[in-house]
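Here is how the chains run, residue by residue.
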Amino acid sequence: MDEMIVLLAAQAATPKVVVNEALEAALRGLDRRIEALSAALEVEYLGPGIGMQDMDAEHVFRLVVRHHVWDVAHSGWGLKVCDALPNGGLRPMWPIYGVGRLRKQQLVKTLPAFFQGYMAAVVAAGKAQSSAGLELQALAESFG
């Protein structure tokens, strides 16, 4: 298990996530890793909500793995924070490293649930034994 995952798993398990340069770098690395895995797996997953907890708005934004279209020139598989309101169409709003400080803390805390759910979707799609599925399983196990 690499340093990036060790850091994220440790932060997800702590009472208060510390947002600093190391966490930022780890989220960027995780974003690239999930982009590669999701492109190989091509399994969509609607993950946990990360709308602002203090406003009871967790349902507003969610972690979503699918083929995202940013604009006419940029699209591809990956994990993004998406508008989850009924009229939002799961429009990608931010990469996981691009959210604000408070939402970043909430995002890190949801990583164990995210990986558990994403792995369940990959199993249901019959792709758990692929090389990308096995790598995702290792990641999921890192988060408990």
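This section reports on the structure supplied with the text. (Residues numbered from 1 in each chain as written. Predicted model: local features only at pLDDT ≥ 70, side-chain atom pairs only at ≥ 80, totals over all residues. Heavy atoms only, no water.)

## Things to note about the packing of helix α1 (residues 3-13) against helix α2 (residues 21-41)
Turning to step 1, where the next piece is worked out: Here α1 crosses α2 at 115 degrees, and the two axes come no closer than 9 Å. With respect to α2, the axis of α1 lies roughly perpendicular. The handedness of the crossing between α1 and α2 is left-handed. Side by side, α1 and α2 meet where M4, I5, L7, L8 and Q11 of the first sit next to A22, L23, A26, L27, G29, L30 and R33 of the second.
Turning to step 2, where the next piece is worked out: Counted by class, the contact of α1 with α2 contains nine nonpolar, two polar and one charged residues. (Axes fitted to C-alpha atoms, helices over the stretch in contact; angles between N-to-C directions. Helix = DSSP H or I, 4+ residues; strand = E, 2+ residues; numbered from the N terminus. Parallel < 35°, antiparallel > 145°, perpendicular 65-115°, else oblique. Left-handed = near helix turned anticlockwise from the far one by under 90°. Contact = heavy atoms within 4.5 Å. Nonpolar A, V, L, I, M, F, W, Y, C, P; charged D, E, K, R; others polar.)

## What about the nonpolar core?
Turning to step 1, where the next piece is worked out: Among the nonpolar cores identified, the biggest contains 41 residues, and L8, L30, L107, F114 and F115 are the most heavily contacted of them.
Turning to step 2, where the next piece is worked out: Only α1, α2, β2 (61-71), β3 (74-83), α3 (101-124) and α4 (131-142) provide two or more residues apiece to this core.
Turning to step 3, where the next piece is worked out: If near-sequence neighbours (up to four positions away) are discounted, L8 is found in contact with L23, A26, L27, L30, V108, L111 and F143. (Core = buried A, V, L, I, M, F, W, Y, C linked by side-chain atoms within 4.5 Å. Buried < 20%, exposed > 50% of the residue type's maximum accessible area, 1.4 Å probe, protein only.)

## Description of the environment of P15
Turning to step 1, where the next piece is worked out: Among the secondary structure elements, P15 is positioned in the loop between α1 and α2.
Turning to step 2, where the next piece is worked out: It is 8.9 Å that separates the C-alpha atoms of P15 and K109, two residues lying 94 residues apart in sequence.

## Details of α3
Turning to step 1, where the next piece is worked out: Its 24 residues give α3 an end-to-end C-alpha distance of 34 Å, which sits within 8% of 34 Å, the value for a rise of 1.5 Å per residue.
Turning to step 2, where the next piece is worked out: Its maximal kink placed at L111, α3 deviates by approximately 45 degrees, while the proline P112 follows within four residues.
Turning to step 3, where the next piece is worked out: A positive backbone phi angle near 75 degrees is found at G126, which sits one or two residues after α3. (Expected span 1.5 Å × (residues − 1). Bend = angle between axes of the 7 residues up to and from the residue.)

## Description of unusual backbone geometry
Turning to step 1, where the next piece is worked out: Of note in the backbone geometry, E42 takes a positive phi value of approximately 50 degrees without being a glycine.
Turning to step 2, where the next piece is worked out: Examined against the element boundaries, E42 turns out to sit in the loop between α2 and β1 (45-49).
Turning to step 3, where the next piece is worked out: The backbone of L90 sits at a positive phi, close to 55 degrees, despite the residue not being glycine.
Turning to step 4, where the next piece is worked out: With respect to the secondary-structure elements, L90 resides in the loop between β3 and β4 (92-95).

## Let's talk about the packing of aromatic side chains
Turning to step 1, where the next piece is worked out: Inspection of every chain in the model, using the stated rule, returns six aromatic pairs.
Turning to step 2, where the next piece is worked out: With a centroid separation of 5.1 Å and an interplanar angle of 75 degrees, the aromatic rings of F114 and F115 are classed as edge-to-face. Residue F114 shares its accessibility class with F115, and that shared class is buried.
Turning to step 3, where the next piece is worked out: With a centroid separation of 5.7 Å and 35 degrees between ring planes, the pair formed by F114 and Y118 is classed as tilted. (Phe/Tyr/Trp six-rings, centres within 6.5 Å; stacked < 30°, edge-to-face > 60°.)

## A short note on the pattern of salt bridges
When the charged atoms of two side chains with opposite charge come close together, those side chains can pair.
Turning to step 1, where the next piece is worked out: Evaluation of the coordinates by the stated rule reveals five salt bridges.
Turning to step 2, where the next piece is worked out: Taken together, the salt bridges that share partners define one network made up of D2, R33 and E135. (Salt bridge = Lys/Arg side-chain N within 4 Å of Asp/Glu carboxyl O.)

## Remarks on the side chain of Q105
Turning to step 1, where the next piece is worked out: As for its placement among the helices and strands, Q105 is situated in helix α3.
Turning to step 2, where the next piece is worked out: In contact with Q105, other than residues within four places in its own chain, are K16, V17 and V19.

## What about the pairing of β2?
Turning to step 1, where the next piece is worked out: By the bridge criterion, three bridges tie β1 to β2 in an arrangement that is antiparallel. Paired with L46 across the strands is V64, a residue of β2.
Turning to step 2, where the next piece is worked out: Pairing between β2 and β3: ten bridges, direction antiparallel. Bridge pairing links D71 to H74 in β3. (Pairing = 2+ DSSP bridges.)

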